[in-house]
Amino acid sequence: MRDPLASLRLMKTVERPAQLFVRGQGSWLWDSESRAYLDFTQGWAVNSLGHSPSVVVDALKRQAESLINPGPAYYNRGMLELASRLCQASGSDQVYFLNSGAEANEGAIKLARKWGQLHRGGAHRIVTACNSFHGRTLAAMSASGKPAFEALFEPKVPGFTKVPYNDLEALAAAVDEQTVAVMLEPVQGEAGVVPATLDYLQGAERLCRERGVLLILDEVQTGIGRCGTLLAEELYGIRADIITLGKGLGGGVPLAALLARGNACCFEPGEQGGTYHGNALMTAAGLAVLDTVLEPGFMEQVRDVAQHLREGLARVARRHGHGPLRGHGLMVGLPLIHQSAPLVARHALDEGLLINAPQADCLRFTPALTVSRANVDEMLKRLNRAFALAKSKPLEIA
C-alpha cells in the first residue's frame, strides 16, 4: 500500500503535480490511473531516444548481468569504447565521464583554472552570460546568470563575470588579463530557449583566440543531436576548447561528459574524480545512445520532424497571437504574449500533454529525437485545447 504521507517525506525542492507515473514508452507516459500523457519534455531533454528505448534497455540488461561498477580507478570496456567513439565523433582529444551536466560544468571550471595556472600566469576568472544556467552545484550556480540564483546560498564561489548574452562588445570588454575562459550556452534553455546569434558565437570564438583564453561551450542541453547535429557548435561553424555534455547522452540514465581539445587536456592524476564516474552500466547506455544517434539518416530524420514541429507550432502561435518561435532542431521555445506560460502548461497537463515553462512568458518543447510526425500532430491538437482553456480561465492560478 502506498504511504499517504510519502510525498511529505521528500524534501520539497520542486512543485510536482499529483500524477504518479509508472510506465513510459517512446513519446508516451502512463500514470498509476492508466491515463496516457504525450511527453514533449522528456525529462527536460534527457530521454533523447524516448522512454525506455529498447537499445538502452537491452544495453543496460546485458551490462548489469556482467559488470555494474568496478570503481573509477579501473578501466572497464564501456568507458573505453564510449571515450573512443565520442572523441572521434566530436573531434575531441580527451573525455572524462561524470554523472550530470552540472558536474561536467563544475569539471570544466576546474579544468580551465588548471589550464590558467599552466598557460596564463594563474588567471582564473571566467566570463559567463546573464540569464545563463550551468547547473546546481555551488560553482555551477556561481557561474550561472540566472536571476533566481543571485541570493541563494551566499557566499558564492568567486571568479565569475557576467555580461549580456549576444552582446559581443560587452564580452570583449570583460575579457582581461585575469580571464582564463569564456563559458557560453549555444542556446540559453532556462532563459526561454534563446539562441546565440551566428555573429555572436563566431565572434566569441575569434575573441578567445585573439586574447589567448579558452572557449567553453555548455552543450548539456544542446548536444547529442538535440539541435539536428551532434553538437550545436557545428551549426555555428566554430570549435570550442572545452565542451560539456549531459542530459541526452545517457538517454535517461545519469551520464555526462567533459570533452577537451589540444592543450586544454591538462588534468593530472588526483585532480578530478568521482565514485560513479565512468561506471560500466552508465557508459553502456551512453554507447547505445551515441551509436543510435550516429546511424546514417538519424540526424536527417531529426531535422525533418523538427521542421514539421516548427511549422505546426508556428500555426498554433499565429492562431493564438503568440511567437515568433526560437531555438534549433528539437529544442523549441514559443514566446507568449499577454498569457501565462505556467498556466498553459497546467492546462496542457489536464489535456494529457507534458510541456515545460522555463519562463513566465515562454513554453519549451524538447520531445524525444525519435518523435514521430503523428506524435507532433497529436501534440498540436492538445496544445490548441490548452490555449483555449487558459483563455477561458485566465484567473486560475498556474
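Residues numbered from 1 in each chain as written. Predicted model: local features only at pLDDT ≥ 70, side-chain atom pairs only at ≥ 80, totals over all residues. Heavy atoms only, no water.

## Considerations on the overall build of the chain
Scanning the chain from N- to C-terminus turns up 13 helices and 17 strands. Computed over its C-alpha atoms, the radius of gyration of the chain comes to 21 Å, within 12% of the 21 Å expected for a compact globule of 398 residues. Considered along the principal axes of its C-alpha atoms, the chain spans approximately 60 × 55 × 45 Å. By residue count, 55% of the 398 residues in the chain fall in the buried class. Restricting the contact set of the chain to residue pairs at least 6 apart, pairs at least 24 apart contribute 71%. Carbon and sulfur atoms make up 54% of the accessible area of the chain, which amounts to about 17,800 Å² in all. (Helix = DSSP H or I, 4+ residues; strand = E, 2+ residues; numbered from the N terminus. Rg over C-alpha atoms; globule rule 2.2 N^0.38 Å. Buried < 20%, exposed > 50% of the residue type's maximum accessible area, 1.4 Å probe, protein only. Contact = heavy atoms within 4.5 Å. Areas by Shrake-Rupley, 256 points an atom, 1.4 Å probe, with all protein chains shown as cover.)

## Structural notes on helix α13 (residues 373–392)
Between its terminal C-alpha atoms α13 stretches 29 Å, which fits the 28 Å expected from 20 residues at 1.5 Å a residue. All buried positions along α13 are accounted for by Asn-375, Val-376, Met-379, Leu-380, Arg-382, Leu-383, Asn-384, Ala-386, Phe-387 and Ala-390. (Expected span 1.5 Å × (residues − 1).)

## Description of a nonpolar patch on the surface
On the surface, a nonpolar cluster with roughly 270 Å² of combined accessible area is contributed by Leu-138, Leu-152 and Phe-153. Using a relative accessible area of 53% as the deciding quantity, one classes Phe-153 as exposed. (Patch = residues over 30% accessible without salt bridge, like charges linked within 9 Å, V, L, I, M, F, W, Y side chains within 5 Å. Salt bridge = Lys/Arg side-chain N within 4 Å of Asp/Glu carboxyl O.)

## Quick look at the sheet that holds strand β5 (residues 125–129)
Through backbone hydrogen bonds, the strands of a sheet pair up, either in parallel or in antiparallel fashion. Across the sheet, 7 strands lie side by side as β4-β12-β11-β10-β7-β5-β6; this open sheet has mixed pairing. Edge positions in the open sheet fall to β4 (94–98) and β6 (160–163), since each of these has one partner strand only. Here the average twist between neighbouring strands, direction ignored, is 20°. Sheet analysis places β4 next to strand β12 (residues 256–260), joined by 5 bridges and oriented antiparallel. Residue pairing for β12: Tyr-96 is matched across the bridge by Leu-258. (Pairing = 2+ DSSP bridges. Axes fitted to C-alpha atoms, helices over the stretch in contact; angles between N-to-C directions.)

## Regarding the pairing of strand β14 (residues 331–335)
Within β14, 5 of the 5 residues are buried, leaving the element largely enclosed by the surrounding structure. Both faces of β14 are covered, namely the face carrying Met-331, Gly-333 and Pro-335 and the face carrying Val-332 and Leu-334. Where strand β13 (residues 326–328) lies against β14, 3 bridges are found, and the strand directions are antiparallel. Bridging from a neighbouring strand, His-328 pairs with Met-331 of β14. Here β13 hands over to β14 after 2 residues, with Gly-329 in that stretch at a positive phi of 55°.

## As for the environment of Asn-69
Relative to the elements of secondary structure, Asn-69 occurs in the loop between α3 (54–66) and α4 (77–90). Expressed as a C-alpha distance, the spacing of Asn-69 and His-308, which sit 239 residues apart in the sequence, is 42 Å. For Asn-69, the residues in contact, after removing those within four places along its chain, are Thr-275, Tyr-276 and Asn-279.

## Remarks on the sheet that holds strand β15 (residues 353–354)
Taken together, the 4 strands give an open sheet; going across it, the order is β1-β2-β3-β15, and neighbouring strands pair in mixed fashion. Bordering the open sheet on either side are β1 (21–25) and β15, each of which pairs with just one other strand. Here α13 sits on the sheet and contacts β2 (28–31), β3 (36–39) and β15; the angle it forms with β3, its principal contact strand, is near 105°.

## A look at the side chain of Lys-156
If you trace the backbone, Lys-156 turns up in the loop between α6 (138–143) and β6. Assessed through its relative accessible area of 19%, Lys-156 is described here as buried. A distance of 2.6 Å separates a polar atom in the side chain of Lys-156 from the backbone oxygen of Phe-149. Within the structure, the side chain of Lys-156 is placed 3.3 Å from the backbone oxygen of Glu-150, a separation counted as a polar contact. With residues up to four places along the chain from it excluded, the contact list for Lys-156 reads Leu-138, Ser-142, Phe-149, Glu-150 and Ala-151. (Polar contact = N/O pair within 3.5 Å; in protein donor to acceptor, adjacent residues only side chain to side chain.)

## Let's talk about the pattern of salt bridges
Scanning the entire structure with this criterion turns up 14 salt bridges. The closest approach of N and O atoms between Lys-146 and Glu-190, which form a salt bridge, is 3.9 Å. A residue pair is termed long-range when its members are at least 10 positions apart, and Lys-146 in the loop between α6 and β6 and Glu-190 in the loop between β8 (187–188) and β9 (194–195) qualify at 44 residues. Residue Asp-304 is joined to Arg-373 by a salt bridge in which the shortest nitrogen-to-oxygen separation is 3.3 Å. Of the two residues, Asp-304 sits in helix α11 (residues 298–320) while Arg-373 sits in helix α13, which places them 69 residues apart along the sequence. Asp-304 sits in the partly exposed class, given a relative accessible area of 34%. The exposure class of Arg-373 is partly exposed, given its relative accessible area of 40%. Connected through salt bridges with shared partners, the residues Lys-114, Glu-268 and Glu-271 form a single ionic network.

## Focus: α3
In this model α3 runs 19 Å from its N-terminal to its C-terminal C-alpha over 13 residues, within 8% of the 18 Å that 1.5 Å per residue would give. Packed against the buried residues of α3 are α10 (280–293).

## Concerning the nonpolar core
In this structure, Phe-40, Leu-363, Phe-365, Met-379 and Leu-383 are the most contacted members of the largest nonpolar core, which totals 80 residues. Examining the composition of this core, we find that 9 residues originate from one element, α11, more than from any other. In this structure, Leu-98, Ala-123, Ala-139 and Cys-266 belong to the second largest nonpolar core, which totals 23 residues. (Core = buried A, V, L, I, M, F, W, Y, C linked by side-chain atoms within 4.5 Å.)

## Side note on unusual backbone geometry
Going from Glu-154 to Pro-155, the amide bond is cis rather than trans, its omega being 0°. Relative to the helices and strands, Pro-155 is located in the loop between α6 and β6. Cis geometry marks the peptide bond from Gly-323 to Pro-324; its omega dihedral reads 0°. Although it is not a glycine, Val-193 sits at a positive phi angle of roughly 55°. Tracing the chain through its elements places Val-193 in the loop between β8 and β9. Phi is positive for Lys-247, close to 35°, though the residue is something other than glycine.

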